[in-house]
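Per-entry structural report
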Amino acid sequence: MDLQYALELIGTFVFSISGALAIQDKGHDLFGAGFTGFITAIGGGSLRDILLGAHPLVWIGNVDFLYAILAGILVTFVFFRFVSKLRKTLFLFDTLGIAFFTVLGVEKTLSLGFSVEVAAIMGMFSAVMGGVIRDTLTNEIPILFRKEIYASACLAGAIVYLIANHFGLERDINLLISISLIISIRLVAVKYKLSLPTLG
Amino acid sequence: MDLQYALELIGTFVFSISGALAIQDKGHDLFGAGFTGFITAIGGGSLRDILLGAHPLVWIGNVDFLYAILAGILVTFVFFRFVSKLRKTLFLFDTLGIAFFTVLGVEKTLSLGFSVEVAAIMGMFSAVMGGVIRDTLTNEIPILFRKEIYASACLAGAIVYLIANHFGLERDINLLISISLIISIRLVAVKYKLSLPTLG
Amino acid sequence: MDLQYALELIGTFVFSISGALAIQDKGHDLFGAGFTGFITAIGGGSLRDILLGAHPLVWIGNVDFLYAILAGILVTFVFFRFVSKLRKTLFLFDTLGIAFFTVLGVEKTLSLGFSVEVAAIMGMFSAVMGGVIRDTLTNEIPILFRKEIYASACLAGAIVYLIANHFGLERDINLLISISLIISIRLVAVKYKLSLPTLG
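Below you will find a few notes about this structure. (Residues numbered from 1 in each chain as written. Chains lettered and ligands numbered in written order. Predicted model: local features only at pLDDT ≥ 70, side-chain atom pairs only at ≥ 80, totals over all residues.)

**So, the relation of the copies chain A and chain B**
For clarity, the cut-off: A residue counts toward the fit only if its pLDDT is at least 70 in both copies, and the copies are then superposed by least squares on the C-alpha atoms of those residues. Contact criterion: two residues are in contact if their C-beta atoms, reconstructed from the backbone, are within 7 Å.
Superposition of chain A onto chain B requires a rotation of 120 degrees combined with a translation of 0.0 Å along the rotation axis, giving an RMSD of 0.0 Å. On the angle and the small slide along the axis, the relation comes out as a three-fold axis. A different interface surface on each copy is seen, since only 13% of the contact residues of chain A are contact residues in chain B too.

Structure, rendered in structure tokens:
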């Protein structure tokens, strides 16, 4: 099992926890919480692969991902009181998750032979669309449209990765730089409540 | 025309009626009601086949299903006053519908060579996602997240079917058992207002 | 570059403007507005191609469409005060857009060998589902379900195109007739506030 595979499994696991936790205040039952965790974890990558026509989807072709999701949901159920106090830790994990998924999505799209423009969009989609689908199903304003910089950090990281890649930067260094960039933008944006300007 | 095919057509017909009826209280026009009926009838199976990459989708490859949906919508329009009084009958049909679609979804997924874990999820998706998409479009809380046991009954039936199938139970008996199980769970849950525990 | 290609690019450009403008009253940031423009422009055609299994999707296989979208978003940003006063002009463009996309969707579906019934549905989907997805993400009642005749005009135009095509009407004349029909229905419906009857 290589490092990338391990990171993807961990990201899936963390996303399923954050998804299952997301509806705690709405009185949903255990099944609803599990379903939400599942959708959050698979949504972004599934949408990417459906748009690209890249079958089988990751979690359909490899059952390990389903067990990572199931583990995340069970952890949320069993340690709910504990986990729900870890919001800060979870926020960090979610930030790690979107950073890794962005770069994984970019690399997968490029490896399938698509253009860099499509790769940038798919990197961002991989990271954020699970949460968007979750928020849409639960009648929330999608996280994408809320004030704090979120998806735009992923898009920025994807573009930086693609530019550096174009100029031949070594992959390991490029991964480090673009993932760090996404994490930094997100952390700084939340800490200082930064947001992009509005149209009006 | 074999029995399974007939059941699928009937299920599609019934789902289109329940979908068209679902928005009656919102003052939607005939087109909106028809559209909702259509989405409810095709949503679950379409999502399953898109996720599996199984083209053509059932209703795209076989126009009979479109006419079954159209018939359901027309019946709703013409006999509206009558049909909307049949809520109890419709509830029974919907329950039959989700039970049949669950097992059909499981069998189709297995026949395409996917794992049992994926088959369980796709069985449930086939049955409930049409309603979930309908509810999302009409800004309702998806039926999945409401109190009464619904999708979890389908998941339970799918898992029982897969276990019995694994141990070599004859298909006809297995169909009978798992479909009856889904129907029973749903009927008992509604009658006694049973719901799963919540996280909080 | 032939005429059809030019029309498709212009339609995409216009849809991205109307999508980016759609959320102006909600205080969304620039990224949110751009994202909404993007979804509006690609949503209908993408859903059509995903349902048909027709990969690559138009904007994934041809980067020109991404630049048409980007141009629409930038125009909205730079000329916002000006563009938002052009609502009437934009309404006309949107009406042109749905008319062209309907016929393009019908023709693409037929050219892939699908039935006329499927082609009628896909024509309508191409035109309206981008807006429906946008409205769902932003928690609006989808345009489809609002009072004025909208998607039904597209469906009517698609059916007329298919009937005339069946009887061998020359393509250019057929295009002219069915596109004019959609535009006329829509303009008349909005001017006289016409709507279809409701079920109740």
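Still more to cover.
**Concerning the interface of chain C and chain A**
To keep things clear, this is the line we draw: Only DSSP runs of H or I with at least four residues qualify as helices, and only runs of E with at least two residues qualify as strands; both kinds are numbered from the N terminus onward. Under the grouping applied here, Gly and all other residues not named as nonpolar or charged are polar, the nonpolar ones being Ala, Val, Leu, Ile, Met, Phe, Trp, Tyr, Cys and Pro and the charged ones Asp, Glu, Lys and Arg.
Taken together, the contact pairs 22 residues of chain C with 23 residues of chain A. Mapped onto the side of chain C that touches chain A, the elements with two or more residues apiece are helix H2 (30–52) and helix H7 (116–137) of chain C. Taken together, the residues of the side of chain C that touches chain A break down into twelve nonpolar, nine polar and one charged.

**A short note on the packing of helix H8 (residues 151–166) of chain B against helix H9 (residues 171–191) of chain B**
Residue and element names in this part refer to chain B. Selection criterion: Where helices are involved, their axes are fitted lines through C-alpha atoms of the stretch in contact, as for all axes, and angles between N-to-C directions lie from 0 to 180°. Note on terminology: angles under 35 degrees are roughly parallel, angles over 145 are roughly antiparallel, angles of 65 to 115 are roughly perpendicular, and the others are oblique. By convention, the crossing between two helices is left-handed when the near helix turns anticlockwise from the far helix through less than a right angle, and right-handed when the turn is clockwise.
Orientation of H8 relative to H9, taken along the N-to-C sense of each, is 155 degrees, at an axis distance of 9 Å. Between H8 and H9, the interaxial angle falls into the category roughly antiparallel. Relative to H9, H8 is oriented so that their crossing is right-handed. Each of Ala-153, Cys-154, Ala-156, Gly-157, Val-160, Tyr-161, Ala-164 and Asn-165 in H8 lies in contact with H9, whose residues at this interface are Asn-174, Ile-177, Ser-178, Ile-179, Leu-181, Ile-182, Ile-185, Arg-186 and Ala-189. Looking at side-chain class alone, the contact of H8 with H9 contains twelve nonpolar, four polar and one charged residues.

**Some details on the relation of the copies chain C and chain A**
At an RMSD of 0.0 Å, chain C and chain A line up after a rotation of 120 degrees and a shift of 0.0 Å along the axis. The share of interface residues of chain C whose copies in chain A are also at the interface is only 14%, consistent with the copies meeting through different surfaces.

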